[in-house]
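Descriptive structure summary
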Amino acid sequence: MSSPRYAAIMGWGMAVPRRVVTNDELAQRIDTSNEWILTRTGITQRHVAGPDEFTSVLATAAGREALERAGVAPEAVDTLIVATCTPDRPFPATASAVQRNLGIPRAGAFDLAAACSGFVYGLSVGTGLIKSGMSQTLLLVAADVFTSLIDWEDRNTCVLFGDGAGAVVLRATEQPYGLLASNIGSWGEGETMMAVDVGGTREPATPALLEQRRQYVYMHGREIFKHAVRGMCESAERAVADAGVSLDAIKLVVPHQANLRIIEAVAKRLALPMNRFFVNLDRYGNTSAASVPIALYEAVQQGRLVAGDLVLLTAFGGGLTWGSCVVRWGMSPQ
Ligand code: UT7
């Protein structure tokens, strides 16, 4: 390929479950309060999936909207990536169900598991496929029903998470739009800081383990907090430098929506004002891989981003994983 290829973001979509659970509702069930949740996290409510709203259902709705907005027919998609850590089933990939639901014939389809960093990992991998010439039109969906891993009696985790899906369509272009630079990182030593131990090949579920509620997520919140700030800041600084721009040139930062205090700490360390950060975790909580694309979607809907703007996406999650992407939003005028 003689001229550089880029992967412009052509369309975007999102979906959340119908049911909203407020802090007050949780406070009626467990030993917590709206005041604690709000002041420690910034969250006021979250959407929680019902039995008919499993991962592929939300992923399909977000993917369909992204394709429609892009004006891209399902037949044109040659690659489908579904970033999720809460698949419909252990096997096969959730991407296969999404592919069938959307009527995407014969595209390569696979899941990508990077927890809450799934969207920035997916955007990095997807753009790489387009830049290499392996893909022309790619649908990236990030979807999690993280509440399926939640013990609703564990106040350390159940107040934090919600469910949802976000999607983007990437298309090959010679114009310098889409992902300009990214980096993804992981620290495997931290894999036990946040995990679900039972239900995989290491410790298959047994009645005794289920009785002990070991099929649910546990988390060392305070440690993750510190690693999150460090991982997001270091990767953001590297991505910005690799893109050949300065932080000042970034119109908007769209961070993973886990905790307002984490976002404030990142803003402080990057010496950026909070009004350059998009925040919607008050209404959704932490939707895992879906968090960044849902925030990106709402930022665009609210007019906070227009074609040509530089946006910085930054995320962290279980693994521990993290990553940042510098994106030039939109497409060049035709
Ligand atoms: O996508 C990645 C997902 N993981 C994360 O984002 C985790 C990042 N970490 C965090 O967001 C914060 O560490 C938390 C929100 C999880 C916790 O906030 P914190 O300020 O670090 O609180 P803490 O864990 O130090 O707990 C402080 C107190 C404890 O009581 P004691 O030991 O001081 O008496 C907890 O038992 O708050 C108590 N507590 C609660 N109280 C009321 C913990 N959860 C609750 C709750 N309601 N829901």
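Look above for the structure.
Let us look at the structure shown here. Note that the coordinates shown come from a computational prediction; the quantities given were computed from them, not determined experimentally.

**Describing the pattern of salt bridges**
- Taken as a whole, this structure holds 15 salt bridges when the rule is applied.
- With a closest N to O distance of 2.8 Å, Asp 309 and Lys 251 form a salt bridge. With Asp 309 in the loop between helix 11 (291-301) and strand 12 (310-317) and Lys 251 in the loop between helix 8 (221-242) and strand 11 (252-255), this residue pair connects regions lying 58 residues apart in the sequence.
- A single salt-bridge network, built from bridges that share partners, covers Asp 197, Arg 202, Glu 203 and Arg 214.

**Topic: unusual backbone geometry**
- Residues Phe 91 and Pro 92 are joined by a peptide bond in cis, for which omega reads -5 degrees.
- Note the cis peptide between Gly 319 and Leu 320, where omega equals -10 degrees.
- For Leu 320, the location among the structural elements is in the loop between strand 12 and strand 13 (321-328).
- One non-glycine residue, Arg 213, adopts positive backbone phi at about 65 degrees.
- By relative accessible area, which is 34% here, Arg 213 ends up partly exposed.

**Quick notes on helix 5 (residues 118-131)**
- An ideal rise of 1.5 Å per residue puts 20 Å on 14 residues; helix 5 measures up with 20 Å between its terminal C-alpha atoms.
- Where burial is concerned, most of helix 5 is hidden: eleven out of the 14 residues are buried.
- Every buried residue belonging to helix 5 is among Gly 118, Phe 119, Val 120, Tyr 121, Gly 122, Leu 123, Ser 124, Gly 126, Thr 127, Leu 129 and Ile 130, and all of these are buried.
- Directly after helix 5, the chain includes Gly 133, whose backbone phi takes a positive value near 90 degrees.

**As for the layout of surface pockets**
- What the largest pocket holds in volume is close to 1200 Å³.
- If you trace the largest pocket, you find 39 residues lining it, with Cys 85, Thr 86, Pro 87, Leu 149 and Val 196 closest to the centre.
- Partitioning the lining of the largest pocket into residue classes produces 20 nonpolar, 13 polar and six charged.
- Of the residues that make up the lining of the largest pocket, three or more belong to each of domain 1 (6-176) and domain 2 (180-328).
- Its boundaries defined by the atoms lining it, the second largest pocket holds a volume of some 710 Å³.
- Along the walls of the second largest pocket sit 26 residues, with Trp 36, Leu 160, Met 219, Gly 221 and Arg 222 positioned nearest its centre.
- Considering every element that reaches the lining of the second largest pocket, the biggest residue donor is helix 8, with four residues.
- Counted by class, the lining of the second largest pocket contains twelve nonpolar, nine polar and five charged residues.
- Three or more residues apiece are contributed to the lining of the second largest pocket by two domains, here domain 1 (6-176) and domain 2 (180-328).

**Some remarks on the packing of helix 8 against helix 9 (residues 260-270)**
- Contact geometry of helix 8 with helix 9 gives a least axis separation of 10 Å together with a crossing angle of 40 degrees. Between helix 8 and helix 9, the interaxial angle falls into the category oblique. In the crossing of helix 8 with helix 9, the sense of the turn from one axis to the other is right-handed. Contact residues: helix 8 offers Phe 225, Ala 228, Val 229, Arg 230, Met 232, Cys 233, Glu 234, Ala 236 and Glu 237, while helix 9 offers Arg 261, Ile 262, Ala 265, Val 266, Arg 269 and Leu 270.
- Here the residues of the contact of helix 8 with helix 9 are counted per class, giving ten nonpolar, no polar and five charged.

**So, the site of the ligand**
- Residues in contact with the ligand amount to 24 residues; listed here are only the nearest, Thr 32, Arg 40, Arg 222, Asn 259 and Asn 286.
- Side-chain polar atom of Arg 261 to an oxygen atom of the ligand: 3.2 Å apart, as the coordinates give it.
- Expressed as a share of its isolated accessible area of 960 Å², the protein-covered part of the ligand is 77%.
- When atoms are counted within 2 Å of each cavity's grid points, the one that captures over half of the ligand is the second largest pocket.
- Broken down by secondary-structure element, the contributors of at least two residues to the shell around the ligand are helix 2 (34-41), helix 6 (155-158), helix 8 and helix 9.
- Among the elements that make up the shell around the ligand, the one with the highest residue count is helix 8 (four residues).
- Residue classes in the shell around the ligand are distributed as twelve nonpolar, seven polar and five charged.
- Counting only domains with at least three residues in the shell around the ligand, you end up with domain 1 (6-176) and domain 2 (180-328).

**Overview of helix 11**
- Of all eleven residues making up helix 11, ten are buried, and the element is well covered by its neighbours.
- Listed as buried for helix 11 are Ser 291, Val 292, Pro 293, Ile 294, Ala 295, Leu 296, Tyr 297, Glu 298, Ala 299 and Val 300.

Procedures and definitions
- Residues numbered from 1 in each chain as written.
- Predicted model: local features only at pLDDT ≥ 70, side-chain atom pairs only at ≥ 80, totals over all residues.
- Heavy atoms only, no water.
- Salt bridge = Lys/Arg side-chain N within 4 Å of Asp/Glu carboxyl O.
- Helix = DSSP H or I, 4+ residues; strand = E, 2+ residues; numbered from the N terminus.
- Buried < 20%, exposed > 50% of the residue type's maximum accessible area, 1.4 Å probe, protein only.
- Expected span 1.5 Å × (residues − 1).
- 1 Å grid on protein atoms, 1.4 Å probe; cavity = no way out; pocket = protein on both sides within 12 Å on 5 of 7 lines; lining within 4 Å.
- Points joined across faces, edges and corners; volume = space filled by probe spheres on them.
- Nonpolar A, V, L, I, M, F, W, Y, C, P; charged D, E, K, R; others polar.
- Domains from an automatic or database assignment.
- Axes fitted to C-alpha atoms, helices over the stretch in contact; angles between N-to-C directions.
- Parallel < 35°, antiparallel > 145°, perpendicular 65-115°, else oblique.
- Left-handed = near helix turned anticlockwise from the far one by under 90°.
- Contact = heavy atoms within 4.5 Å.
- Near = heavy atom within 4 Å.
- Polar contact = N/O pair within 3.5 Å; in protein donor to acceptor, adjacent residues only side chain to side chain.
- Areas by Shrake-Rupley, 256 points an atom, 1.4 Å probe, with all protein chains shown as cover.
- Sits in = over half its atoms within 2 Å of the grid points.

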